[in-house]
Amino acid sequence: MMKTIGDFAVEGQRVLVRADLNVPLDGGRVADDGRIRASLPTLTALKARGARIIVCAHLGRPGGKPDPRYSLAPVAARLAGLLGDNVEFAADTTGPAARAAVAALRPGDVVVLENLRFDAAETSKDDAERGRFADQLSGLADRYVSDGFGAVHRKHASVYDVALRLPHAAGYLVQAEVAALSRLTASIQRPYLVVLGGAKVTDKFGAFGSLLGAADRILVGGAMTFPFLAAQGHPTGTSLLAADQVDAATAYLDKAAPGQIELPSDLVVAAEMAATAPHRVVAADAIPAGQMGLDIGPQTAARFAAALGGAATVFWNGPMGVFELAPYAAGTRAIASAMTEGTAFTVVGGGDTGAAIRALGLAEEAFGHVSTGGGASLEFIEGKTLPGLAVLEAS
Ligand code: ADP
Ligand code: MG
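### Considering the pattern of salt bridges
Per the stated rule, a full pass over the model turns up 19 salt bridges. Across the salt bridge formed by Asp20 and Arg35, the nearest N and O atoms sit 3.0 Å from each other. Taken together, the residues Asp20 in the loop between β1 (14-18) and β2 (25-26) and Arg35 in helix α1 (residues 34-38) connect sequence positions 15 residues apart. Among the residues examined, Asp20 registers a relative accessible area of 3% and is labelled buried. Classification of Arg35 by relative accessible area gives buried; the value is 12%. The closest approach of N and O atoms between Asp216 and Arg190, which form a salt bridge, is 3.0 Å. Residue Asp216 is found in the loop between α9 (207-214) and β10 (217-220), and its partner Arg190 is found in the loop between α7 (172-181) and β9 (192-196); the two are separated by 26 residues along the sequence. Residue classification places Asp216 among the partly exposed positions, given a relative accessible area of 34%.

### What about helix α3 (residues 73-83)?
Spacing of three or four residues puts side chains on the same side of an α-helix, whose turn is 3.6 residues. Three or more residues of α3 are buried, namely Val75, Ala76, Leu79, Ala80 and Leu83. Here the buried residues of α3 occupy an arc of 145° about the axis, which is enough to place them on one side. The exposed residues of α3 that point more than 90 degrees off its buried face are Ala77 and Gly81. Positive phi appears at Gly84, one or two residues downstream of α3, with a value of about 65°.

### Notes on the environment of Pro41
Note that Pro41 resides in helix α2 (residues 40-48). Residues Pro41 and Gly171 lie 130 residues apart in sequence; the distance between their C-alpha atoms is 8.5 Å.

### Comments concerning the sheet that holds strand β16 (residues 345-349)
In spatial order, the strands read β11-β10-β9-β15-β16-β17; together these six strands make up an open sheet with parallel pairing. Whereas interior strands pair on both sides, the edge strands pair on one side only; in this sheet they are β11 (261-262) and β17 (369-370). When β16 meets β17, the two strands line up parallel, connected through two bridges. If you follow Val348 over to β17, its bridge partner there is Val370.

### Considerations on the sheet that holds strand β12 (residues 266-270)
Strand order in the open sheet formed by three strands is β13-β12-β14, with antiparallel pairing between adjacent strands. A single partner strand is all that each edge strand has here, and the edge strands are β13 (279-283) and β14 (292-296). Taken pair by pair, the neighbouring strands of this sheet meet at an average axis angle of 45°, ignoring direction. Here β12 runs beside β13; their pairing, made up of five bridges, is antiparallel. By the bridge assignment, Val269 is partnered in β13 with Arg280. Against the sheet, helix α12 (residues 298-309) engages β12, β13 and β14, with an angle of about 35° to β14.

### What about the site of ligand 1?
Residues in close proximity to ligand 1 total 20 residues, the closest being Ala199, Lys204, Glu324, Asp352 and Thr353. Between ligand 1 and Asn317, the relevant distance is 3.3 Å, taken from an oxygen atom to a side-chain nitrogen or oxygen of the residue. Within the contact set of ligand 1, an oxygen atom lies 2.5 Å away from a side-chain nitrogen or oxygen of Glu324. About the coverage of ligand 1: the protein hides 91% of its 580 Å² of free accessible area.

Cut-offs and rules
Residues numbered from 1 in each chain as written. Chains lettered and ligands numbered in written order. Predicted model: local features only at pLDDT ≥ 70, side-chain atom pairs only at ≥ 80, totals over all residues. Heavy atoms only, no water. Salt bridge = Lys/Arg side-chain N within 4 Å of Asp/Glu carboxyl O. Helix = DSSP H or I, 4+ residues; strand = E, 2+ residues; numbered from the N terminus. Buried < 20%, exposed > 50% of the residue type's maximum accessible area, 1.4 Å probe, protein only. Arc of directions from axis to C-beta. Pairing = 2+ DSSP bridges. Axes fitted to C-alpha atoms, helices over the stretch in contact; angles between N-to-C directions. Contact = heavy atoms within 4.5 Å. Near = heavy atom within 4 Å. Polar contact = N/O pair within 3.5 Å; in protein donor to acceptor, adjacent residues only side chain to side chain. Areas by Shrake-Rupley, 256 points an atom, 1.4 Å probe, with all protein chains shown as cover.

Limitation: the analysis is restricted to geometry and does not speak to function.
Pasting the structure below:
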């Protein structure tokens, strides 16, 4: 059983909270604060209980060294606004600034440490290297709360090793995520449809392997489309093609039952990824040379929406197109709307997918659950063991 934060005393204690604050930034401005909001229930509860709160998180992939473009400073400022209270920011992660800020905390105070991934040890594959960083992090605190659901599939120092060193518990976000996503791993209501899209194709493509065993149908969009088109011998133009996944796509098409994997039949293409580029709809098996697929086409959107209407359970990860640019948002909008119209239990997972539904003006309440995790939610519903959850089970 996972301990929860109700299970241990926090008053006056220094509590290290691993949060998921990996939000999209737009020139130093927080473009979507969904993940910051999702971390509020735990932080407000710890504040109310008089904990001295030390928030640690990562932002983007700075490559193991300080890089001002990935500073958590703007995130700390937004968190202060949402908490309606002062939030300190430490300009390093475990160095003198962090130690001084932690020493100055009074009960109910919050400090956000600088980006964990400014230190290569956070994500190191070497247990000893990660362990040394975890020693420094855990040295700042008396207790550890794991609430960064979006990172629990990673065996990282702040997610895994710190939990081995401090009395630990799951925060409210992790608890809520596990409760909702568990409905997609046991006694699933059928038909169960999975929609997969987005751009992190190499990271996520392996999910087809287990999902073919669990889902009745898998609807494919976004850049997930292109390895399949290539596997079928169709041209992909200048589309974002994960060439390393074409063999896997061939194997999945062989393994799938007829119609179990549904690919786009039409696509919106343009010569470049720009809102101003001339764009048009083409058959998916005939992407012209020099053009890239940037959204599913209207015929595909209608077919996918109709399929979703008949589902009892839906999991969606990854936008159907480059929704950030208006000409390529229609496919994502169609899928999102169809999910809110049916009676199915619907789960949306993924940082950008969650951001997409908010950017399109859809209410999160219209979905069964909006997960903050992309890779994490996907691995959870695949039935994999997630290191950051497994370590919480251990005492
Ligand atoms: P999530 O964060 O929800 O897990 P990803 O990070 O995998 O999703 O992918 C999100 C990104 O995918 C979005 O920024 C979107 O612009 C991009 N995307 C969707 N379709 C395409 C496409 N056809 N070509 C390139 N990028 C795409
Ligand atoms: Mg993403």
